Amino acid sequence: MKKILLTFSTLLLFVTSNEAQENYPGGKELFGDIQARHIGPALMSGRFIDLEAHPTNNRILFAGAAGGGVWKTINGGATFSPVFDKHAQSIGAIKIDPTDPDKTVWVGTGEIWTRNSVSVGDGLYKSTDGGINWTKKGFENSERISAIAINPTNNKEMYVAVMGALWGDSEERGIYKSNDAGETWQKVLYTDKSTGAAELIIDPKNPNILYASMWKFRRTPWGFESGGNTSAIYKSLDAGKTWNKIHNGFPDGNLGRIALALAPSDSSILYAAVETESEKTNGLYKSTDAGASWKQLNNYFGLTVRPFYFARLVVDPKNPDILVKGGLYGSISRDGGKTFQDLGPQHSDIHDIVFDLHDSNRLYTATDGGVYRSWDAGSNFEMVQDLPVSQFYHVSVDDATPYKVYGGLQDNQSWYGPSSSPGGVEARDWNLIGAGDGFRVLKHATKPIIYSEMQGAQNVWRFNTELNQAKNVAPPAENDEKLRFNWNAPMALSVQAPDRFYMGSQYLHKSEDMGDTWIKISPDLTTNDPKKQDLNSGGLSVDKSGAETHTTIFTIAESTLDEKIIWVGTDDGNVQITRDGGKTWNNVVKNISGIPANTWVYHIEASVHNPGTAYVVFDGHSTGDMNTYVCKTSDYGLTWESIVTSDIKGFARNIQEDYEQEDLLFLGTEFGLFITTNGGKHWSHFTNNLPEVAVHYIELQKRTSDLVLGTHGRGIIILDDISPLRQINDTVLDKDMHFFKTSAGIIKEESGFGGTSTETEFVGQNPSSLAKIMYYMKKRHTFGKMSMQIRDLEGNLIAEPVPGKSKGINTVNWDYLKKAPKVAVGKIPSFVLAPKADAGDYKVSITKGKETYEHTINVKNDPNSMVTDVERTANKALTLRLFNIIEDLAYLGYRIDSTVESLKDTTSKNATKAVEELTALKAKLVITTGDRYVQEAEPELREKLNTLYNEVAGTFEKPAPVRYANADTYEQQVAGAWKTYTNIEKKYVSKINAERIKNGKEELDLDSKEVFLAK
């Protein structure tokens, strides 16, 4: 993707920088095993825009999300799995090849329900293995693909409908055809640069017949226009060679978006939901002669509301009189479109509907709140609960243990939940903290107060979580002046004064009492361009929701180093700074070269390292500019430099500076997370369990060093403990191997029963508390042996984990367990725990060929534990004692088994007697009968001993007196068994050996205990 460079001198700087960084590791080579974890949530899910059913197998269904990728079910919608994580997550259309439905699937990217917050796509993809792997098949600049059609008798012949750019002109619009299964394409229907293809249908009974809906549209940051004289329905009778309008029966004048559907069971029946210049002529039209003529049936509200957002008509595959229209609540007709009623209760804003192929009473819907299922023809619905595609606008964290995550969601209110929870982060762990579209949510640093808002600051709630009380504290207008709050109105809290609360309209508002009273501390900081204010929006269908309010403040950053320094960015391109707490302001955008005028200032990050340093992220996509803009100043905005390189993909929305290493920066773009460890000279795309999802906001939890991402399509994603990235520099990267300092491992003393989620609910991942051994390798280890050992400071071998051998960062997790005791062999296995290591320091060594590298890690006891060191020591002492008894019994079992095995072919009287007595002894020591199911045997000494050991080793506190008494008993029994064995040995073995020597055989030879235990 082409990047805008600031000046000629900057261009030279970039060239030099890139040349110097040619060998700089990136991506997986740099990040190695560092993995992102997903915590959802899924109880409010997110917007799905397209559903595609398998043509013969009703258990298979694909679902395309607005920003969360493609998901597939193979069990009729009970559960879904993501299948498109390596590619753009904004989906426009999914199509299963009707001639090869089990293998070939097509995906067109870029959401087609064109609200102001939609993401973009990057082309057309094909899978030939049912969605496991994907190959791009062109249309990189299409931005939005609305439909894919395939000839059901010849899959080499196919069509793609390109809606194209939302925010600007584009030549890459219209209908495209391929005759070689997508290898090459030819444009067969095109109107102009501002009219895209909104729908495409192929007649399944005659694939030479095609229908296309063309739509003229344009969105700006301050408005939306739907409709024009180029919007139309076209029909082709010759496989796309020629096209003709089919408007007989439509009203004259401009048309807008047209939803189009063909009845699968009767190709002569077409339905169209048409946007016209009049409310009277809007609505549903029907053709019973394959489009030759149309008749309006009704203009029911559910059919005409927000055509740009709801333009999907679906006809029952078996009954042409049953059709469903997407809409605010969804509308269903059972009489050929004459009358409609709302679908049953589910999340509002229905975008697509799919009927089960074999049972029309079963149907699925794609909504702003996820995928829903109905079993009774749409009267009632249930939500699919394992689709974590929530769309966060913002994220923040607190300092609790575990810390909580706060954020607002597209059309799904505001929420907060824990970063970890027993059994994983479940739906029950999330708490509602606002209504409407949720945006920014902030926790007061010291009080049980949470601030949240809904769109356009219509309400700004201050919620007391202890009293369960909410109050609207939105800044009021003075003297009836109209305040312009952005749809995503900025809020900010002060680090220096916890009760201080900022909000931005066209002015910067400040409250020192948590929102009870407000003062303006700035003039209008925007361009105040009247051409971009209070305009009618929507085009043919008025749609003034507040999302188009423009010339507003969008980002606020008070310096953590000097409370008088405040940065403000506006959606119309101003970068304002005050150094005296708001008395005077300076618009420093004039000092930034290479940024188009009025480009949206999406985020300002005030540095924690230098009061004069700040980072500004500009986002021009809402004017059709898809370039990446990130600038840095170190002198309060007097001069600026770009820190953008060609490594970055997508326009940026947010940047986060590390609190300790100022050259470590995290950038969120439309296509994921990018990280630099050298101040922006080189950026690396982080893709380890992190899809190419739009990252709208980034927060760094200071205590844990966790990077928390608010994504617009995959919920909250966390990178646990990014501190190793702080240590990366040129010296480290030049080493063959380098160990990173890591946080101490915590031996968790928690115990519980997990959560309450069901098998079909999403559960967010918990962070690991295991000790991390992290190291960087300059090259992958390919040949020769490589091993890892963990020893205590006395040199005793504790564990031998398997080392990672990849180039880049490798992570090995140690579970604090030593080697488990050897257990006596019986008919059925008996399992024992490995004892836990002590808290303290441990030496880690990696042997790689002839070289050995060493490192020290630290392990701590659970800081939340109620167990004292004295109790813990007592537990470990008894654990060790029982450990030794178990191994003593195991060695006895070995001697018995080995002797019996050696004598199985010996028929002498002494051998027979020895085998009988040894077998009888073994039967008292371990279970030798039963099968653990229908022939359960009574426990013998081994089972009793192992049970006691597991009870002690599996806990942390001092054992109860009965444990010691039982240990004494079993220890005596083992000693007694050894005494019996010794007597048998004395009685028979010398005689048996004499017999063996006489018969030319070797004497019985058994391993020593040391040798046995070492095996």
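Look up: the structure comes first, before these words.
Criteria and cut-off values
- Residues numbered from 1 in each chain as written.
- Predicted model: local features only at pLDDT ≥ 70, side-chain atom pairs only at ≥ 80, totals over all residues.
- Heavy atoms only, no water.
- 1 Å grid on protein atoms, 1.4 Å probe; cavity = no way out; pocket = protein on both sides within 12 Å on 5 of 7 lines; lining within 4 Å.
- Points joined across faces, edges and corners; volume = space filled by probe spheres on them.
- Helix = DSSP H or I, 4+ residues; strand = E, 2+ residues; numbered from the N terminus.
- Nonpolar A, V, L, I, M, F, W, Y, C, P; charged D, E, K, R; others polar.
- Buried < 20%, exposed > 50% of the residue type's maximum accessible area, 1.4 Å probe, protein only.
- Pairing = 2+ DSSP bridges.
- Axes fitted to C-alpha atoms, helices over the stretch in contact; angles between N-to-C directions.
- Parallel < 35°, antiparallel > 145°, perpendicular 65-115°, else oblique.
- Left-handed = near helix turned anticlockwise from the far one by under 90°.
- Contact = heavy atoms within 4.5 Å.
- Polar contact = N/O pair within 3.5 Å; in protein donor to acceptor, adjacent residues only side chain to side chain.

**Observations regarding empty space enclosed by the protein**
Applying the stated criterion to the full structure yields six cavities of 30 Å³ or more. By volume, the largest cavity amounts to about 270 Å³. Taken together, 22 residues form the lining of the largest cavity, with Asn116, Ser117, Trp600, Tyr602 and Arg653 sitting closest to its centre. Of all the secondary-structure elements, those providing two or more residues to the lining of the largest cavity are strand E15 (210–220) and strand E48 (600–606). Of the residues assigned to the lining of the largest cavity, the class counts are ten nonpolar, eight polar and four charged.

**Some points on unusual backbone geometry**
Leave glycine aside and you will find that most residues have negative phi; peptide bonds, for their part, are mostly trans. The omega torsion across glycine 40 and proline 41 is 5°, close enough to zero to call that bond cis. Mapped onto the secondary structure, proline 41 falls in the loop between strand E1 (36–40) and strand E2 (48–53). Of note, the bond from threonine 401 into proline 402 is cis; its omega dihedral lies within 30 degrees of zero at -10°. Of note in this structure, asparagine 598 is not a glycine but carries a positive phi near 70°. Within the secondary structure, asparagine 598 is located in the loop between strand E47 (586–587) and E48. Judged by relative accessible area, which is 36%, asparagine 598 ranks as partly exposed.

**Structural notes on the sheet that holds strand E21 (residues 283–287)**
A sheet is described by the order of its strands in space; here four strands give the open sequence E19-E20-E21-E22, paired in antiparallel fashion. Here the strands that pair on one side only, and so sit at the sheet edges, are strand E19 (258–262) and strand E22 (295–298). With direction set aside, neighbouring strand axes in the sheet form an average angle of 25°. In terms of strand pairing, strand E20 (residues 270–274) meets E21 through five bridges, oriented antiparallel. By the bridge assignment, leucine 270 is partnered in E21 with serine 287.

**Side note on the packing of helix H7 (residues 909–925) against helix H9 (residues 961–998)**
Here H7 crosses H9 at 160°, and the two axes come no closer than 9 Å. The angle between the axes of H7 and H9 places the two elements in the roughly antiparallel class. Crossing geometry of H7 relative to H9 is assigned as left-handed. In contact with Asn910, Ala911, Lys913, Ala914, Glu917, Leu918, Leu921 and Leu925 of H7, H9 contributes Ala977, Thr980, Tyr981, Ile984, Lys987, Tyr988, Lys991, Ile992 and Glu995.

**Some points on the environment of serine 117**
Note on placement: serine 117 falls in the loop between strand E7 (105–109) and strand E8 (124–127). The exposure class assigned to serine 117 is buried, which follows from its relative accessible area of 8%. On a C-alpha basis, the gap between serine 117 and asparagine 479 in space is 33 Å, while along the polypeptide they are 362 residues apart. Beyond its immediate chain neighbours, meaning those up to four positions away, serine 117 contacts Tyr393, Gln410 and His712. Looking at serine 117, its side chain comes within polar contact range of the side chain of arginine 115, at 2.9 Å. Here the side chain of serine 117 touches tyrosine 393 through a polar contact of 3.3 Å, side chain to side chain.

None of the figures reported here should be taken as evidence of function without further support.
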